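Residues per chain are reported as follows:
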Amino acid sequence: MAEPLPRPMPRRITLLAGAHKTASSHLQQSLMEAEARLRPHGIALVPPKTMRRDLAPLWQLLRDGTSPEILRAAAEGFLQLHGGESRHLVLMDENALGSTDAKMLFKKRRLYPWAHHRLGWLMALFDGHDLEIAMAVRHPATFLPSCWSESLHHGPYQSFRAYIDTARPARLRWSELVARLHEQIPQAGLRLWAYEDYAALGPALFAHLLGPEAAGEVHPVERVMRPGISAEAVAWLERLPTPTKDDMLEARKRFPKSGPAEAFDPWSPEEHTALDAAYREDLADLGRELHIRLLRPRTNA
């Protein structure tokens with residue numbers, strides 16, 4: 001009988017799981033620009049492109065029935081290749097949750113309906129390590145239009161109302177998603193923050209993710225990453241009979257979004273009221289869960 005494989009060196013593995021359109025690109029870029037300075041602190045960063053090229057095929061094979069032992073050995077190779085002797089690896093990929101395609105983003109009352117399976121397979125590759133999932137949540141009134149805007153980069157034009165046709169926006173709950181993640185991956189810690197608090201958290205967020213000493217090496221980049229679509233751009237597109245991808249690019253160029261006041265807002269006053277109440281309730285539910293660390297300004301900074 002073959003000898004069992006030796007146990008790998010335990011590492012801390014933090015998955016920055018997004019979510020989409022929660023300043024995830026800004027956070028990733030801020031970290032990547034500090035990559036060389038973080039190495040002496042024992043921290044290695046794995047950006048989305050590397051995750052999708054080298055790691056996604058492994059969890060997909062696990063999903064399809066390949067031996068977990070074989071794939072965990074391959075995952076250890078991944079950690080060694082991209083982490084070397086670092087004791088803390090930060091994996092970054094919001095697409096681990098799903099995508100901004102409507103079928104992957106929501107289903108009736110569920111956000112990212114298959115995320116618990118996807119992250120479950122991914123984290124199963126790292127059995128024996130100290131696992132953590134870190135992600136931001138966002139108010140549905142701005143999250144859904146921003147995801148719709150992002151989806152226009154990748155597929156044919158459809159109206160916002162057609163995009164959310166299978167969703168019940170006021171019933172979508174981040175707490176329901178996080179509950180599924182915890183049930184599927186109970187061994188992983190869960191660290192969350194609200195997108196609306198991202199700027200106010202500032203250096204405290206990096207301290208929570210990396211430790212106080214390493215956090216001082218990270219400086220937020222001073223540019224907007226992947227801005228959403230403006231209300232003027234949407235109005236221009238909706239006047240066209242059949243908008244094409246070139247039309248969408250032209251609309252963004254003609255009518256850029258330079259601030260929140262110019263953002264596309266598809267909701268009626270009544271819908272805003274319902275979504276506001278739902279989000280307040282959702283954040284309160286997240287804050288009550290003992291297995292979640294919800295980072296808030298002033299209380300956790």
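Rules used in this analysis
- Residues numbered from 1 in each chain as written.
- Predicted model: local features only at pLDDT ≥ 70, side-chain atom pairs only at ≥ 80, totals over all residues.
- Heavy atoms only, no water.
- Helix = DSSP H or I, 4+ residues; strand = E, 2+ residues; numbered from the N terminus.
- Rg over C-alpha atoms; globule rule 2.2 N^0.38 Å.
- Buried < 20%, exposed > 50% of the residue type's maximum accessible area, 1.4 Å probe, protein only.
- Contact = heavy atoms within 4.5 Å.
- Areas by Shrake-Rupley, 256 points an atom, 1.4 Å probe, with all protein chains shown as cover.
- Pairing = 2+ DSSP bridges.
- Core = buried A, V, L, I, M, F, W, Y, C linked by side-chain atoms within 4.5 Å.
- Bend = angle between axes of the 7 residues up to and from the residue.
- Phe/Tyr/Trp six-rings, centres within 6.5 Å; stacked < 30°, edge-to-face > 60°.
- Lys NZ or Arg CZ within 6 Å of the ring centre and 35° of its normal.
- Arc of directions from axis to C-beta.
- Salt bridge = Lys/Arg side-chain N within 4 Å of Asp/Glu carboxyl O.

Undergrad: Sorry if this is basic, but what is going on with the overall build of the protein chain here?
TA: Counting its secondary structure elements, the protein chain contains 15 helices and 8 strands. Radius of gyration (C-alpha) of the protein chain: 20 Å, near the 19 Å computed for a compact globule of 301 residues. Counting only C-alpha atoms and orienting by the principal axes, one finds that the protein chain spans roughly 70 × 45 × 40 Å. When the 301 residues of the protein chain are sorted by exposure, 50% land in the buried category. The contacts in the protein chain between residues at least 6 apart in sequence include a share of 80% that link residues at least 24 apart. Counting every atom, the protein chain has about 14,900 Å² of accessible surface; 54% of that belongs to carbon and sulfur.

Undergrad: Explanation requested: the pairing of strand E2 (residues 43-46) in the structure shown.
TA: Side chains on a regular strand alternate between the two faces of the sheet. Judged by which residues are buried, E2 turns out to be covered on both faces: Ile43 and Leu45 on one side and Ala44 and Val46 on the other are all buried. As paired strands, E2 and strand E3 (residues 88-92) are joined by 4 bridges and run parallel to one another. Residue pairing across strands places Leu45 opposite Val90, the latter belonging to E3.

Undergrad: Would you explain the nonpolar core in this entry?
TA: The nonpolar side chains of soluble globular proteins are, as a tendency, buried together. In this structure, Leu91, Tyr112, Phe126 and Trp174 are the most contacted members of the largest nonpolar core, which totals 72 residues. Counting residues per element, this core draws most heavily on helix H3 (residues 48-63), which supplies 6 residues. Within the second largest apolar cluster, 22 residues are counted, among which are Trp193, Phe206, Leu209 and Leu210.

Undergrad: Before we go on, may I ask you to explain H3 in this structure?
TA: An α-helix turns once every 3.6 residues. As a result, residues three or four positions apart point the same way. Of all the bends found along H3, the most pronounced is centred on Leu55 and spans about 45°, while Pro57, a proline, follows it within four residues. Its buried side turned inward, H3 meets strand E1 (12-16), helix H1 (24-32), E2, helix H4 (68-83), E3 and helix H6 (115-124).

Undergrad: What is the right way to look at the packing of aromatic side chains in this model?
TA: The description of an aromatic ring pair rests on the distance of the ring centres and on the angle between the ring planes. Scanning the entire structure with this criterion turns up 9 aromatic pairs. Seen from their ring centres, Phe143 and Trp174 are 5.0 Å apart, and the 65° between their planes marks the pair as edge-to-face. Taken as a pair, Phe143 in helix H7 (residues 140-151) and Trp174 in helix H9 (residues 174-184) lie far apart in primary sequence, 31 residues in all. In this structure, Phe143 and Trp174 share a single accessibility class: buried. When the ring of Trp148 is compared with that of Phe160, the centres are 5.9 Å apart and the planes differ by 80°; the resulting orientation is edge-to-face. Of the two residues, Trp148 sits in helix H7 while Phe160 sits in helix H8 (residues 160-163), which places them 12 residues apart along the sequence. Here Trp148 and Phe160 have matching classes, each one buried. Through pairs of rings, three or more aromatic residues link up here, namely Trp148, Tyr157, Phe160, Phe264 and Trp267. Lying over the aromatic face of Tyr195, Arg138 brings its terminal NZ or CZ to 4.1 Å of the ring centre.

Undergrad: Quick question: what am I supposed to make of unusual backbone geometry here?
TA: The general pattern is negative phi for most residues beyond glycine and trans for most peptide bonds. Between Gly18 and the following residue, Ala19, the backbone shows a cis peptide bond with an omega angle of -5°. Within the element layout of this structure, Ala19 appears in the loop between E1 and H1. The phi torsion at Lys21 lies on the positive side, around 60°, for a residue other than glycine. Residue classification places Lys21 among the buried residues on the basis of a relative accessible area of 13%. Located in the positive-phi region is Lys108, a residue other than glycine, with phi close to 55°. Of note, Lys108 is situated in the loop between strand E4 (106-107) and strand E5 (110-111).

Undergrad: Mind showing me how you'd approach helix H13 (residues 231-238) here?
TA: Among the residues of H13, those classed as buried are Ala233, Val234, Trp236 and Leu237. Projected down its long axis, H13 carries its buried residues within an arc of 160°, all on one side. Elements in contact with the buried residues of H13: H7 and helix H14 (245-254).

Undergrad: Got a minute to help me understand the environment of Leu16 in this structure?
TA: Turning to its location among the elements, Leu16 is positioned in strand E1. For the pair Leu16 and Trp121, spaced 105 residues apart in sequence, the C-alpha to C-alpha distance is 16 Å. For Leu16, the residues in contact, after removing those within four places along its chain, are Leu27, Leu31, Val90, Leu91, Met92, Asp93, Glu94, Ala134, Trp193 and Leu209.

Undergrad: Teacher, can you tell me more about the pattern of salt bridges here?
TA: Charged atoms that come close allow side chains of opposite charge to pair. Using the criterion set out here, one finds 17 salt bridges in the structure. Taking the shortest distance from any N to any O, the salt bridge between Arg52 and Asp93 comes out at 2.8 Å. With Arg52 in helix H3 and Asp93 in the loop between E3 and helix H5 (102-105), the pair connects residues that are 41 residues apart, well separated along the chain. Of the residues examined, Arg52 reaches a relative accessible area of 38% and is grouped as partly exposed. For Glu94, the salt bridge identified is with Arg52, shortest N-O distance 3.7 Å. Here the residue Glu94 occupies a position in the loop between E3 and H5, and Arg52 occupies one in helix H3, the gap between them amounting to 42 residues. The class of Glu94 is buried, set by a relative accessible area of 8%.

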